[in-house]
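Coordinates in review
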2 protein chains.
Amino acid sequence: MDIEAYMRTLGRQARDASRQLAAASTETKNAALLAIARRLREQKPALLAANAADLAQARADGLEPAMVDRLTLSDAGVESMAEGLEQIAALPDPVGEITDVKRRPSGIQVGKMRVPLGVIGIIYEARPNVTADAAALCLKSGNAAILRGGKEALHCNQAIATCVREGLLEAGLPAAAVQVVDTTDRAAVGHLITLPEFVDVIVPRGGKGLIERISREARVPVIKHLDGNCHVYVHSAADADKAEAIVENSKTQRYGTCNTAESLLVDRAVAADLLPRLARKLSAHGVELRGCAESLAILEAANIAGAKLRPAEESDWSEEYLAPIIAIKVVADLDAAIAHVNRYSSGHTESIVSENYTAAMRFLREVDSASVMINASTRFADGFEYGLGAEIGISTDKIHARGPVGLDGLTSQKWIVFGNGEVRG
Amino acid sequence: MDIEAYMRTLGRQARDASRQLAAASTETKNAALLAIARRLREQKPALLAANAADLAQARADGLEPAMVDRLTLSDAGVESMAEGLEQIAALPDPVGEITDVKRRPSGIQVGKMRVPLGVIGIIYEARPNVTADAAALCLKSGNAAILRGGKEALHCNQAIATCVREGLLEAGLPAAAVQVVDTTDRAAVGHLITLPEFVDVIVPRGGKGLIERISREARVPVIKHLDGNCHVYVHSAADADKAEAIVENSKTQRYGTCNTAESLLVDRAVAADLLPRLARKLSAHGVELRGCAESLAILEAANIAGAKLRPAEESDWSEEYLAPIIAIKVVADLDAAIAHVNRYSSGHTESIVSENYTAAMRFLREVDSASVMINASTRFADGFEYGLGAEIGISTDKIHARGPVGLDGLTSQKWIVFGNGEVRG
């Protein structure tokens with residue numbers, strides 16, 4: 001098989017299909033989404049059988065249990081894929097929305113219209129639900145999609161792809177609107193990310209290694225999501241109850257998510273008062289505390305039952321633990337806190353706890369991260385919590401899409417002009 | 001000189017300065033812009049002397065007259081640079097603007113805040129005014145800038161850079177907010193576009209060769225502007241007077257600009273009626289007409305005095321002439337016109353002339369270009385005509401900035417959350 005020729009064919013077909021999708025009505029796109037959902041439910045036995053074949057192969061290949069876990073599709077998993085499609089059908093269609101129209105002195109009226117990006121390449125690892133999920137988000141936003149899933153999920157992805165294709169055709173849309181790469185050859189990814197004539201943007205969903213490799217080699221823009229080293233900063237004017245609730249929730253509500261807090265900064269003026277209280281809460285959850293010298297001195301003096309104390313090293317300030325561990329640093333003031341965050345953060349999400357208006361607003365403005373919060377848990381940085389209705393990922397880029405990426409993030413805006421025969425003088 | 005070390009130093013200094021700029025007040029940034037304008041006026045003799053040295057060198061090197069022309073800075077040119085700075089000072093500050101705040105069921109209020117991109121690298125050719133212009137746009141939008149001008153303008157750029165630096169310092173901003181690359185070594189560009197840790201976006205301003213090279217080699221996002229192969233489509237329901245005025249203005253108001261029309265499409269139903277009239281108007285301006293077989297037959301039969309007729313070749317449909325030449329094609333209908341434009345256009349600007357609402361709205365939605373117009377001259381596709389107040393270029397990209405790029409295009413939006421102690425359940 002000539003992988004390059006194969007990928008170019010997929011690209012050309014996607015580009016052609018993208019023209020039809022861009023012009024498709026909301027009704028047609030929703031009809032396709034609902035037809036795909038119905039077919040997923042109807043084909044549940046086939047999907048589970050395909051998944052069983054993938055799982056058998058994965059176990060034979062000795063895949064680690066966490067990977068096998070991610071690969072597993074349950075009865076409820078199929079139902080939740082179908083529901084996800086129905087939810088996306090229910091969202092407002094972003095395509096064609098006209099905004100910001102203003103009359104200019106020349107007489108023309110200038111505005112913007114939201115339009116699809118064109119062709120989106122999605123590269124992901126084992127989870128089979130991403131196939132249905134990503135297909136639906138691309139379809140609703142009027143984009144053609146080329147999906148490249150992990151080789152471990154090949155049979156299940158093919159079975160899902162069949163449902164998607166049949167749903168598209170039933171609604172009168174081209175089958176090439178969503179294409180699943182039908183080879184496990186790794187060279188396919190290399191070609192997909194270097195076809196700017198056919199692919200407008202790449203969205204990698206997976207581990208850091210995958211994303212770094214794609215970012216390095218792509219000749220097409222990448223909407224990427226790297227680490228989440230999120231900070232909670234307890235300012236000298238913090239309300240102690242809010243600080244306690246926010247630190248606890250940001251760190252302990254879930255350990256493995258990218259919007260979990262990994263670093264805690266506390267102002268020197270309130271450290272002796274507040275740090276022991278915060279540490280007590282975290283220690284009750286079994287969280288290990290890696291502190292700077294100053295915070296360790298305070299915490300050791302406080303003699304907290306069951307506290308796991310450890311000195312922080314320089315590398316701790318940049319770490320995404322994804323585990324019950326938090327780095328703790330006492331800072332001199334707001335300026336020091338902002339400087340620390342802007343130096344060590346991965347630019348994902350940071351929160352200040354403060355009752356002081358000017359301090360809170362300065363933090364909001366001066367911290368250079370995708371989400372910046374006042375008196376709220378970092379765990380809110382999420383497409384559903386933000387009201388996007390769906391999420392294809394969380395971008396740590398600054399260009400194009402920043403933070404949670406929903407349907408709007410898969411579109412751009414073109415300029416439109418309403419004239420009445422005007423010419424330029 | 002170790003060029004790589006030098007460029008990394010510039011990058012590190014720019015990154016540091018960008019933090020200060022992002023937090024700078026509107027008053028401080030405007031004070032710097034006005035101080036730079038004053039210094040440019042005060043230093044006019046020094047600027048003109050530096051330019052004279054560049055010109056003498058350029059003539060000695062045998063540069064072509066068009067290049068020497070672009071390199072020349074006149075007395076009025078200095079005044080217009082200073083005025084440009086004052087105009088940018090008068091524009092609203094985009095940084096810190098809060099929009100789209102909505103309350104969520106959790107109680108948090110989620111919105112967006114406009115923020116600088118960080119560090120912008122501008123790579124341009126001979127025109128010395130770009131130095132002041134680009135510095136001002138970056139400064140007002142809160143970004144640090146690294147400017148790399150053509151080696152032909154080195155002395156003049158250095159003289160302008162001195163005014164910029166002194167103006168920044170006078171207003172209390174760091175000198176590294178705007179740095180001019182002080183070497184003519186071409187390797188400097190290669191380093192500038194491959195430093196993602198220090199440079200957030202590259203804006204090349206120059207010829208197609210420069211932009212293509214940078215797009216190919218950059219490891220940093222590029223806001224790029226390639227060709228302008230703009231179309232005017234005269235639909236079967238066009239008003240003949242509007243069609244005539246728009247075709248004439250789009251093609252002949254200026255030949256060398258990227259928003260000039262290079263292709264004319266006419267519906268078959270009205271071609272025999274309208275084409276001769278349009279061709280007469282264009283021929284009166286001396287425009288050469290490169291037609292498809294069908295349009296040539298109509299135009300030859302019309303026997304237009306002084307008409308320069310020539311058969312169009314396949315390559316004409318993609319050509320950016322930047323000259324008194326236009327490609328003409330008779331199309332079957334709206335669908336054929338949209339398909340032709342989406343196939344051959346460079347994605348810059350297209351206009352439909354039609355009195356039919358549905359046809360016009362379909363063209364607006366389905367044509368995949370940065371600017372799409374109804375009944376207006378393509379020449380309006382311009383930052384000033386669109387009301388942006390200033391323009392750093394016109395992007396033919398889809399990601400991030402599309403069409404004319406003003407101050408907003410040099411910023412992005414981060415998510416902000418106003419909470420009151422909320423945690424995620």
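Procedures and definitions
Residue indices follow the written sequence of each chain, beginning from 1 at its first position. The naming scheme follows written order: chains are lettered A onward, ligands numbered 1 onward. Only residues with pLDDT of at least 70 get local features here, since the model is predicted, and only at 80 or more are side-chain atom pairs given and counted; chain-wide, interface and lining totals rely on the full set of residues. Excluded from the side-chain calculations are hydrogens and water; all other atoms, namely the structure's heavy atoms, are used. The pairing test for Phe, Tyr and Trp rings, Trp by its six-membered ring, is centres within 6.5 Å, and the orientation test on the planes gives stacked under 30 degrees, edge-to-face over 60, and tilted for anything in between. Here a helix means four or more residues in a row that DSSP labels H or I, a strand means two or more in a row labelled E, and each is numbered from the N terminus. For a lysine, the NZ atom is tested; for an arginine, the CZ atom; a charge sits over a ring if that atom is within 6 Å of the ring centre and within 35 degrees of the ring normal. Whether two residues are in contact is decided by their heavy atoms: any pair within 4.5 Å suffices. C-alpha atoms of residues with pLDDT of at least 70 in both copies form the basis for the least-squares superposition of the copies. Buried area is a sum: the accessible area each of two parts loses on coming together, probed at 1.4 Å, counted once for each and added. Basic side-chain nitrogens of Lys or Arg form a salt bridge, by our definition, when they fall within 4 Å of a carboxyl oxygen of Asp or Glu. Remark: exposure states derive from per-residue accessible area (1.4 Å probe, protein chains only) relative to the maximum for the residue type, with buried under 20%, exposed over 50%, and partly exposed in between. Note on charges: Lys and Arg go in the positive column, Asp and Glu in the negative column, and His and the chain ends are not counted at all. Counting of polar contacts relies on pairs of N or O atoms within 3.5 Å, with two restrictions inside protein: one atom must be capable of donating a hydrogen and the other of accepting it, and residues adjacent in sequence are counted only when both atoms are side-chain atoms. An automatic or database domain assignment supplies the start and end points of every domain. UniProt positions are given in the numbering used here, feature names are shortened, and annotations may be inferred rather than shown by experiment. Put simply, a patch holds well-exposed residues, over 30% relative accessible area, that have no salt bridge, with like charges counted together within 9 Å and Val, Leu, Ile, Met, Phe, Trp or Tyr side chains within 5 Å. Throughout, the Shrake-Rupley method with a 1.4 Å probe supplies accessible areas, and for residues the shown protein chains are the sole cover considered. Taken as the charge centre is NZ of Lys, CZ of Arg, CG of Asp or CD of Glu, depending on the residue. Note on definitions: angles span 0 to 180 degrees between N-to-C directions of axes, and those axes are lines fitted to C-alpha atoms, for helices only across the stretch in contact. To sort the angles, those under 35 degrees are grouped as roughly parallel, those over 145 as roughly antiparallel, those from 65 to 115 as roughly perpendicular, and the leftovers as oblique. Rotating anticlockwise by less than a right angle from the far helix to the near helix defines a left-handed crossing, while the corresponding clockwise rotation defines a right-handed one. Only Asp, Glu, Lys and Arg are considered charged in this grouping, and only Ala, Val, Leu, Ile, Met, Phe, Trp, Tyr, Cys and Pro are considered nonpolar; every other residue, Gly among them, is considered polar. Helix span, as expected, comes to 1.5 Å for every residue beyond the first. Note that the arc is computed from the directions linking the helix axis to the C-beta atoms. Note: two strands are recorded as paired if DSSP finds a minimum of 2 bridges between them.

It is worth spelling out the packing of aromatic side chains at this point. The relative placement of two aromatic rings is captured by the distance of their centres and the angle of their planes. Scanning the entire structure with this criterion turns up 4 aromatic pairs over all chains. Taking 4.9 Å as the distance between ring centres and 35 degrees as the angle between the ring planes, the aromatic pair formed by Trp415 of chain A and Tyr386 of chain B counts as tilted. One end of the pair, Trp415 of chain A, is in strand 16 (residues 411-422); the other, Tyr386 of chain B, is in the loop between strand 13 (371-376) and strand 14 (393-395), on a second chain. The cationic tip of Lys112 of chain A hangs over the ring face of Trp415 of chain A; the distance from NZ or CZ to the ring centre is 4.8 Å.

Another aspect to go through is the side chain of Glu288 of chain A. Secondary-structure assignment places Glu288 of chain A in strand 9 (residues 288-291). Among all residues touching Glu288 of chain A, those that are not within four sequence positions of it are Lys308, Arg310, Pro324, Ile325 and Ile326 of chain A.

A word on the relation of the copies chain B and chain A. Relative to chain A, chain B is turned by 180 degrees and slid 0.0 Å along the rotation axis, the superposed coordinates differing by an RMSD of 0.0 Å. Considering both components of the superposition, the chain copies are consistent with a two-fold axis. For chain B, the smallest separation between a C-alpha atom and the rotation axis is recorded for His400 of chain B, amounting to 2.0 Å. When the interface residues of chain B are mapped onto chain A, 100% of them again fall at the interface, so both copies present the same face.

Here the focus is the interface of chain B and chain A. Each partner contributes residues to the interface: chain B has 73 residues there, and chain A has 73 residues. Together, the buried faces of chain B and chain A total about 6000 Å²; carbon and sulfur atoms form 52% of this surface. The interface formed by chain B and chain A contains 6 salt bridges. Linking Asp382 of chain A and Arg424 of chain B is a salt bridge whose minimum nitrogen-to-oxygen distance equals 3.8 Å. If you list the elements that add at least two residues to the side of chain B that touches chain A, you get helix 1 (3-23), strand 2 (109-116), helix 9 (208-217), helix 10 (240-252), helix 14 (357-366), strand 13, strand 15 (403-405) and strand 16 (411-422) of chain B. Ranked by the residues each element gives to the side of chain B that touches chain A, the list is headed by strand 16 of chain B, at 11 residues.

Residues and elements named next belong to chain B. Here Asp267 is to be found in strand 8 (residues 261-267). Of the side chains with opposite charge, Arg268 lies nearest to the buried Asp267, which makes no salt bridge, at 8.4 Å. One polar contact links Asp267 to Tyr233, side chain to side chain, over a distance of 2.7 Å. A polar side-chain atom of Asp267 sits 2.7 Å from the main-chain amide nitrogen of Ser236.

This part covers the environment of Val164 of chain B. Residues and elements named next belong to chain B. Within the secondary structure layout, Val164 lies in helix 7 (residues 154-170). Residue Val164 is classed as buried on the basis of its relative accessible area of 4%. For the pair Val164 and Thr26, spaced 138 residues apart in sequence, the C-alpha to C-alpha distance is 17 Å. Those residues within four positions of Val164 in sequence are excluded, and the remaining contacts are Ile36, Ala135 and Val178.

Attention now goes to the domain arrangement of chain A. One can read the domain layout of chain A as domain 1 (3-224 + 404-417) and domain 2 (230-380). Here the C-alpha centroids of domain 1 of chain A and domain 2 of chain A sit 37 Å apart.

This part takes up the environment of Cys258 of chain B. All names here are of chain B. Within the secondary structure, Cys258 sits in the loop between helix 10 and strand 8. Distance from Cys258 to His348, taken between C-alpha atoms, is 8.0 Å for residues 90 residues apart in sequence. Residues within four places of Cys258 in sequence aside, it is in contact with His225, Gly228, Cys230, Glu320, His348 and Ile394.

To continue, consider the UniProt feature "domain: Aldehyde dehydrogenase" (unreviewed entry) in chain A. Residues and elements named next belong to chain A. Taking the UniProt record as the reference, the feature "domain: Aldehyde dehydrogenase" (unreviewed entry) is found at residues 12-284 and 317-381. With 53% helix and 16% strand, the stretch residues 12-284 has end C-alpha atoms that lie 57 Å from each other. Structurally, residues 317-381 is divided into 32% helix and 28% strand, and its ends, taken at the C-alpha atoms, are 21 Å apart.

Residues Arg216 and Arg219 of chain A together with Arg216 and Arg219 of chain B make up a contiguous surface patch of positive charge. Residue position: Arg219 of chain A is located in the loop between helix 9 (208-217) and strand 7 (230-234). A relative accessible area of 30% means that Arg219 of chain A is categorised as partly exposed.

Residue and element names in this part refer to chain B. Here helix 3 (residues 44-60) crosses helix 5 (residues 75-90) at 120 degrees, and the two axes come no closer than 10 Å. It follows from the interaxial angle that helix 3 and helix 5 lie oblique. Handedness of the crossing formed by helix 3 with helix 5: right-handed. Within the contact between the two elements, helix 3 uses Lys44, Leu47 and Leu48 and helix 5 uses Asp75, Val78 and Met81. A per-class count over the contact of helix 3 with helix 5 returns 4 nonpolar, no polar and 2 charged.

Let's shift gears to helix 5 (residues 75-90) of chain A. Residue and element names in this part refer to chain A. In this model, helix 5 (16 residues) spans 23 Å end to end at C-alpha, consistent with the 22 Å of a helix rising 1.5 Å per residue. Inspection of helix 5 places Gly77, Val78, Met81, Ala82, Leu85, Ile88 and Ala89 among the buried residues, and these make up the whole buried set. Looking down the long axis of helix 5, one finds its buried residues gathered within 140 degrees of arc, a one-sided arrangement. In helix 5, the exposed positions that point more than 90 degrees away from the buried face belong to Ala76 and Ala90. For helix 5, the secondary structure elements touched by its buried residues are helix 2 (26-42), helix 3 (44-60), helix 6 (129-140) and helix 7 (154-170).

Glancing now at the sheet that holds strand 3 (residues 119-124) of chain B. Residue and element names in this part refer to chain B. Judged by pairing direction, the sheet is parallel, and its 4 strands sit side by side in the order 5-4-3-6 without closing on themselves. If you trace the sheet from one side to the other, it starts and ends with strand 5 (178-180) and strand 6 (201-205), each paired once. Between one strand axis and the next, the sheet turns by 20 degrees as a mean value, whatever way the strands run. Here strand 3 pairs with strand 6 via 5 bridges, running parallel. Note that in strand 6 the partner of Ile123 across the bridge is Pro204.

Turning our attention to unusual backbone geometry. All names here are of chain B. One non-glycine residue, Asp100, lies in positive phi territory at about 55 degrees. Here Asp100 lies in strand 1 (residues 98-103). The phi torsion at Asn303 lies on the positive side, around 55 degrees, for a residue other than glycine. The topology assignment puts Asn303 in the loop between helix 12 (293-302) and strand 10 (308-311).

With mixed pairing, 10 strands are arranged side by side in an open sheet as 1(A)-2(A)-16(A)-13(B)-12(B)-7(B)-8(B)-11(B)-9(B)-10(B). The sheet terminates laterally at strand 1 (98-103) of chain A together with strand 10 of chain B, the two strands that pair on one side only. Adjacent strand axes in the sheet meet at a mean angle of 25 degrees, parallel and antiparallel pairs treated alike. Of the pairings in the sheet, the one linking strand 2 (residues 109-116) of chain A to strand 16 of chain A comprises 8 bridges and is antiparallel in character. Paired with Val110 of chain A across the bridge in strand 16 of chain A is Val417 of chain A.

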